[in-house]
Amino acid sequence: MLWKSLIALCVIGVALGEQTPVFLWGANSPTKPSLRTVPQAEFGEQLAALLKDHMVVAFEENGLSNKDFLCSNGEAQSCYAQLQSVSPKTYYTSVENPSEALRAAAEKREHNSIDANGQLVHPVKCEVGTAHFVSFEDVSETRAATLQSHDSAIAAISKQLVGCKVAYLYLAAPATAPTVQRRVRRWTAAETSGYRFYSGNQFAISFTDVKYINEGATTTTTPLKVSGITVNNVTANIKFSVALHTDAGKDITFDVSYSSVDGYYTVSNAAYGGETFRTPGVNAPTTFSYACGNATWYTPAKENKANALAWSSLQLQAPFSQTAKDNFAFDDSWDCVGFVTPGILMGLFVIVILLVIVFLGLCWMMDIKTMDRFDDPKGKTITINASAE
């Protein structure tokens, strides 16, 4: 029974793993049989060896498949005219979870994206041992045109890193990765209500209202009217402080800092009226805006009481990019609601029950055995004498 269980678990594990093609160039790498799937651990060891003396830049293409490499445009030319000319290069038809293998192999990871003009949102610093994950924007055009534009963008970025010792990867974006989307849109009448403040191309914040909740002898709620914003640079391109001026004569202040390790900006050190407030989870990638329908920042609790700043329809963004436009529109929102919601937990619970039922059913079916003895139709009929006692 034990070996049957192990076989079933292996089948389930193989089904859950992502197997995608990988195109590697800029460094010598061992070839693999085309009909064999390269395991994640084996590919991770190969990348770890590359990271010892290379920087790795991984271009993550949404929905990449082997069929895409046969793509051609209307003029019967390959969609990857630029990638065809690179050398040295290696193509793997099937690799198990290549993005996860790179994340595990690299001690330092940075995230970046390519804008509509084919340029990196953040400049790349040449540093051996660093893995850069670069995503593309989704555009409303044909698949062939999208791949061709991405091919040109990859070639342009590669020319910018000529002086660096870089190994490039072109692979499929993980199915769980968020899709980077940009769109040009106008503000509607409903969106212009409340407050919206900008500081050039550095910072933008929008909210319907903000209230100060004081839990003293009696709980009081004071709506705050914000009249303006001031942004002071603490450290260029890494951190700055924001002050929202209120009619109460006190400023709501907080710091916004950027982490080059994971590509996120974070709000911290919030204060109002001499009190400090905690801002847990107020962070997002620089290509997203942080959004929260009802956000509450609390002071440290004293005697089971804590004051708070309650925000309604809060949205903010710090691009940390010199290419961002002044008074930019918010990018797609990175919502404050946790990923694991009650609905997701209920769905996972039902899936686990179904998997257990299927697993037990397979085990029982594999344990079915035929009878080892049968009645002989040509032999003497079996007679059983029954007598009453």
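For the structure itself, consult the block above.
Talk me through the overall build of the protein chain; I want residue IDs and the actual numbers.
What the protein chain contains, in helices and strands, is five helices and 19 strands. The long-range share in the protein chain, meaning contacts at least 24 apart out of those at least 6 apart in sequence, stands at 63%. When the accessible surface of the protein chain is summed, it comes to about 22,700 Å², and 57% of that surface belongs to carbon and sulfur atoms.

Break down the pairing of strand E13 (residues 251-259) for me, with residues and values.
In this sheet, E13 lies alongside strand E12 (residues 239-246) in antiparallel orientation, the contact comprising seven bridges. Across the sheet, the residue bridging to Val242 is Phe254, located in E13. Turn length for the E12-E13 hairpin, with the two strands adjacent in sequence and antiparallel, is four residues, and the turn residue Gly249 shows positive phi of about 80°. Here seven bridges tie E13 to strand E14 (residues 264-272), and the two strands are oriented antiparallel to one another. Bridge pairing in E14 places Ser257 opposite Thr266. Two successive antiparallel strands, E13 and E14, enclose a turn made up of four residues, where Gly263 displays a positive phi of approximately 75°.

Summarise a nonpolar patch on the surface; cite the residues concerned and give the values.
Among the surface-exposed residues, Val340, Ile344, Leu345, Leu348, Ile351 and Leu355 lie close enough to one another that they form a single nonpolar patch of about 520 Å² accessible area. Examined against the element boundaries, Val340 turns out to sit in the loop between strand E19 (333-335) and helix H5 (342-366).

Please give an account of the state of the cysteines that cites residues and values.
In the structure shown here, the tally under the stated rule is three disulfides. Between Cys71 and Cys79 runs a disulfide, and the two sulfur atoms are separated by 2.0 Å. Here the disulfide of Cys71 and Cys79 is left-handed, its torsion about the S-S bond being about -45°. Taking the relative accessible area as the measure of exposure, Cys79 reaches 0% and is therefore buried. Here Cys292 pairs with Cys336 through a disulfide, and the sulfurs are 2.1 Å apart.

Pulling in residues and values, what's your account of the environment of Gly228?
One can find Gly228 in strand E11 (residues 226-235). On the accessibility criterion, Gly228 (13% relative accessible area) is buried. For the pair Gly228 and Leu244, spaced 16 residues apart in the sequence, the C-alpha separation amounts to 5.9 Å. If we ignore the near neighbours within four places in the chain, the residues touching Gly228 are Phe197, Ala243, Leu244 and His245.

The rules we used
- Residues numbered from 1 in each chain as written.
- Predicted model: local features only at pLDDT ≥ 70, side-chain atom pairs only at ≥ 80, totals over all residues.
- Heavy atoms only, no water.
- Helix = DSSP H or I, 4+ residues; strand = E, 2+ residues; numbered from the N terminus.
- Contact = heavy atoms within 4.5 Å.
- Areas by Shrake-Rupley, 256 points an atom, 1.4 Å probe, with all protein chains shown as cover.
- Pairing = 2+ DSSP bridges.
- Patch = residues over 30% accessible without salt bridge, like charges linked within 9 Å, V, L, I, M, F, W, Y side chains within 5 Å.
- Salt bridge = Lys/Arg side-chain N within 4 Å of Asp/Glu carboxyl O.
- Disulfide = S-S within 2.5 Å.
- Buried < 20%, exposed > 50% of the residue type's maximum accessible area, 1.4 Å probe, protein only.

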